[in-house]
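Secondary and tertiary structure notes
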Amino acid sequence: MNLKQNGFMYAFNAVEKPWLGNSIPYREDLSEDRDGLIHYLAEDWLGRGWVHVSNILTAVIVGITCEIYANAFEHGKTNIGVFSCGQHFPRLKELNLTVVDFGVGIPQNVRDFVKNNDLPADEALKWAFQKGATTRGGQVTGGIGLDYLKQFVHINKGKLQILSHDGCATIDENGEVYEKKQSFFGGTLVNITLLCDESLYALDFEADDELLF
């Protein structure tokens, strides 16, 4: 039912058209459309009132999440694009967003960059999610840039999970875990789970008695 609601089934020739409901609509991006993605993340994901986030923090999280897409297009080397959708689960009080590409995968990009093709996938993921880590060459800064998102997920008691090849990174309120899986995912899957509560989250410099982040 969720896949019907968000438009995933309709994209694959189902007859029933999607409806908004509690879904974050299914989206396919063959190339990077930053303006469209900003609107999608700000309005369809964070802008529905399910998570109470300040305007400034919303802009920061949207910007960081856009980097997940940018990384997929720049480093993933996918020729079929990037796919995303999500769902609000009222009973669980959770809001999920999933971004998927079927490119070369984070571990292979890291192996190529550090020139170590034997680096295990879990260790490659751990390297990729260090602050400031980037596989961009020259003087160009960047990288996945998940620091603020990881902090927010931690304080929100949500979860950030990344699957790529046989590596899995899980970030939640208990910390960060990097592990090797028996299954293999040919590409990169990023799943963000936020806890829906009455708290209002903001950055430190916005803080007053009601702002928690």
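Rules and cut-offs
Residues numbered from 1 in each chain as written. Predicted model: local features only at pLDDT ≥ 70, side-chain atom pairs only at ≥ 80, totals over all residues. Heavy atoms only, no water. Helix = DSSP H or I, 4+ residues; strand = E, 2+ residues; numbered from the N terminus. Buried < 20%, exposed > 50% of the residue type's maximum accessible area, 1.4 Å probe, protein only. Areas by Shrake-Rupley, 256 points an atom, 1.4 Å probe, with all protein chains shown as cover. Contact = heavy atoms within 4.5 Å. Core = buried A, V, L, I, M, F, W, Y, C linked by side-chain atoms within 4.5 Å. Pairing = 2+ DSSP bridges. Axes fitted to C-alpha atoms, helices over the stretch in contact; angles between N-to-C directions. pLDDT = per-residue confidence, 0-100. Lys, Arg positive; Asp, Glu negative; His and termini not counted. Salt bridge = Lys/Arg side-chain N within 4 Å of Asp/Glu carboxyl O. Parallel < 35°, antiparallel > 145°, perpendicular 65-115°, else oblique. Left-handed = near helix turned anticlockwise from the far one by under 90°. Nonpolar A, V, L, I, M, F, W, Y, C, P; charged D, E, K, R; others polar.

Let's shift gears to the overall build of the protein. Scanning the protein from N- to C-terminus turns up 7 helices and 7 strands. Listing each helix as α and each strand as β along the protein from the N terminus yields α-α-β-α-β-α-β-β-α-α-α-β-β-β. Looking at the protein as a whole, 48% of its 213 residues are labelled buried. With an accessible surface of roughly 11200 Å², the protein has 51% of that area assigned to carbon and sulfur atoms.

Along the chain, the position of Tyr26 falls in strand β1 (residues 23-29). The spacing of Tyr26 and Cys85 is 59 residues in sequence and 4.3 Å in space, taken between C-alpha atoms. Setting aside residues no more than four positions away along its own chain, Tyr26 makes contact with Asn6, Gly7, Phe8, Ala11, Phe12, Phe83, Ser84 and Cys85.

Moving on, we come to the nonpolar core. With 44 residues, the main nonpolar core has Trp45, Ile162, Ile192 and Leu194 as its most contacted residues. Those elements that provide at least two residues to this core are α3 (34-45), α4 (55-75), β4 (94-101), α5 (106-114), α6 (121-128), α7 (147-156), β5 (159-172) and β6 (175-195). Here this core takes 9 residues from α4, the largest share from any one element. Among all residues touching Leu194, those that are not within four sequence positions of it are Trp45, Leu46, Val51, Lys93, Glu94, Leu95, Phe152, Val153, Asn156 and Gly158.

Moving on, we get to the sheet that holds β1. What links the strands of a sheet is backbone hydrogen bonding, and the strands pair in either a parallel or an antiparallel sense. The sheet built from 5 strands is open, its strands ordered β1-β3-β4-β6-β5 with antiparallel pairing. Each having just a single partner strand, β1 and β5 make up the two edges of the open sheet. Strand-to-strand twist across the sheet, computed as the mean angle between neighbouring axes with direction ignored, equals 15°. Sheet analysis places β4 next to β6, joined by 8 bridges and oriented antiparallel. Residue pairing across strands places Val99 opposite Val190, the latter belonging to β6. Seen against the sheet, α3 touches β1, β3 (82-89), β4 and β6 and runs at an angle of roughly 170° to β1. Strands in contact with α6 are β5 and β6; relative to β5, the strand with the most contacts, it is inclined by about 45°.

Moving residue by residue along a regular strand, the side chains alternate between the two faces of the sheet. Within β4, 7 of the 8 residues are buried, which leaves the element mostly enclosed by the surrounding structure. Relative to β4, β3 runs antiparallel, the two sharing 8 bridges. Across the sheet, residue Ser84 finds its bridge partner in β4, namely Val99. Between β3 and β4, which pair antiparallel and follow one another directly, the connecting turn spans 4 residues, one of which, Lys93, has a positive phi of 60°.

Our next topic: the confidence of the model for the protein. Residue-level pLDDT values for the protein average 88, and 90% of them are 70 or greater. Under a pLDDT of 50 for its full length, residues 138-143 has, in the predicted model, 10 contacts with residues more than four places off or in other chains.

The subject of this paragraph is the side chain of Arg111. Relative to the helices and strands, Arg111 resides in helix α5. One buried charged side chain, Arg111, makes no salt bridge at all; its nearest oppositely charged neighbour is Asp166, positioned 4.8 Å away. Apart from the residues within four sequence positions on either side, Arg111 is in contact with Asn116, Asn117, Leu119, Pro120, Ala121 and His165.

Between α3 and α4, the least distance of the axes is 10 Å, while the angle of their chain directions is 130°. In terms of orientation, α3 and α4 fall into the oblique class. At the point where α3 passes α4, the crossing takes the right-handed sense. Counting all contacts with α3, which are made through Arg34, Leu37, Ile38, Tyr40, Leu41, Ala42 and Trp45, the residues of α4 involved are Ile61, Val62, Gly63, Thr65, Cys66, Glu67 and Tyr69. Here the contact of α3 with α4 is built from residues that sort into 10 nonpolar, 2 polar and 2 charged.

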